[in-house]
Amino acid sequence: MKRTFLLIIVAFAFSFGVSARDIKVLAIGNSFSVDVVEQNLHELAKAEGTTLVIGNLYIGGCGLQKHLSNLRKEKKAYSYRKVDKHGEKTTTPRVSIQQALADEKWDYVMVQQVSGFGGVYASFGRYLPEMMTILRDLTPYKPKFIIMQTWAYQSDSDHQSFSIYNYDQMTMYKALVESYNKVFHDKQYGFHAIVPNGTAIQNGRMVFGDKLTRDGYHLDKRVGRYIGACTMCEVVLGKSVVGNKYRPSNISEEEALLAQKAAHAAVLKPTEITNIE
């Protein structure tokens with residue numbers, strides 16, 4: 001009797017186009033979250049039989065200090081970019097964090113520091129505790145909060161924040177790993193997972209070379225963005241991305257497999273570089 005009732009409920013849900021496997025992910029970020037969630041991610045999940053609804057609250061160069069200020073003031077300052085369950089993209093201007101959090105019952109909410117200060121541990125403690133408290137108060141549906149470890153700049157990058165790390169990629173990478181690892185393991189924040197894109201990109205550089213960005217810091221629109229999405233996909237789905245059948249048309253099968261391995265190795269070992277070859 002109970003089994004029959006359950007089957008009826010499932011059939012009823014599907015009759016209205018509701019998939020029991022829908023996963024909803026919201027990023028509170030900037031251009032680095034654009035690189036990771038706005039392309040490839042929906043398609044990678046679909047190839048695994050999972051439907052993603054993706055939201056990205058975007059302000060270019062936005063860090064934790066500004067996110068917190070916007071939260072306090074309920075400021076409608078974001079471009080709210082959304083990928084629905086069918087893969088259709090929409091952009092809504094002048095949206096607040098509060099409005100986006102209420103738009104869906106998100107399964108995951110991702111935060112990050114602005115790239116230049118990601119390796120400065122003190123920059124998290126000044127703003128993140130209050131920000132996480134407010135976010136939890138605004139989400140009684142209790143999403144899983146995750147944090148994205150950003151990547152080090154290309155060795156010849158002219159980004160002004162690169163000076164913090166003496167214009168040295170490995171110095172920046174190690175600082176990012178240390179800072180994000182401390183934040184992730186700090187119980188006051190209660191993060192469910194870390195998205196180790198800093199390590200994934202560094203793994204990728206071992207085989208693709210130091211050209212995975214298009215301007216020295218944003219991911220290139222081929223392999224770089226694909227690695228970022230693969231890493232995010234594996235964390236959200238909890239399943240190895242290696243062997244996933246989706247790849248953009250401008251990436252070869254060999255490149256796609258190496259990118260998937262770079263992401264997978266990072267999820268397994270988020271604090272160390274792996275030679276995936």
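A few points on the structure. Along each chain, residue indices are assigned from 1 in the same order as the chain's sequence is written. Residue-level local features of this predicted model are given only where pLDDT is at least 70; pairs of side-chain atoms are given and counted only at 80 or more, and the full residue set underlies all totals for whole chains, interfaces and linings. Calculation of side-chain values draws on the structure's entire complement of heavy atoms; hydrogens and water are dropped beforehand.

Turning to the environment of L41, a few remarks are in order. Counting from the N terminus, the helices are DSSP H or I runs at least four residues long and the strands are E runs at least two residues long. With respect to the element layout, L41 can be found in helix α3 (residues 41-47). Considering only alpha carbons, one finds L41 and Q149, 108 residues apart in sequence, at a separation of 17 Å. By definition in these notes, contact holds between two residues if any of their heavy atoms fall within 4.5 Å. With near-sequence residues (within four places) excluded, L41 lies in contact with V36, L52, I54, A229, M232 and C233.

Running from N to C, helix α4 (residues 64-73) and helix α7 (residues 128-138) cross one another at 40 degrees; their axes reach a closest spacing of 10 Å. Our classification of the angle between α4 and α7 gives oblique. Seen along the crossing, α4 lies across α7 with a hand that is left-handed. Residue-level inspection shows L64, H67, L68, L71 and R72 of α4 in contact with α7, the latter providing L128, E130, M131, I134, L135 and L138. Broken down by class, the residue content of the contact of α4 with α7 amounts to eight nonpolar, one polar and two charged. For helices, the fitted axis covers only the stretch in contact; all axes are lines through C-alpha atoms, and the angles between them, taken along N-to-C directions, range from 0 to 180 degrees. Should an angle fall under 35 degrees it is called roughly parallel, over 145 degrees roughly antiparallel, and 65 to 115 degrees roughly perpendicular, with every other angle called oblique. Rotating anticlockwise by less than a right angle from the far helix to the near helix defines a left-handed crossing, while the corresponding clockwise rotation defines a right-handed one. Residues are grouped as follows: nonpolar covers Ala, Val, Leu, Ile, Met, Phe, Trp, Tyr, Cys and Pro; charged covers Asp, Glu, Lys and Arg; every other residue, Gly included, is treated as polar.

Before going further, it helps to spend a moment on the sheet that holds strand β7 (residues 193-196). Across the sheet, seven strands lie side by side as β4-β3-β2-β1-β5-β6-β7; this open sheet has mixed pairing. If you trace the sheet from one side to the other, it starts and ends with β4 (89-95) and β7, each paired once. Strand after strand, the sheet turns through a mean of 20 degrees between neighbouring axes, direction not considered. When DSSP locates at least two bridges between a pair of strands, those strands are taken to pair. Relative to strand β3 (residues 78-83), strand β2 (residues 52-58) runs antiparallel, the two sharing five bridges. From the neighbouring strand, L57 faces β3, where its bridge partner is Y80.

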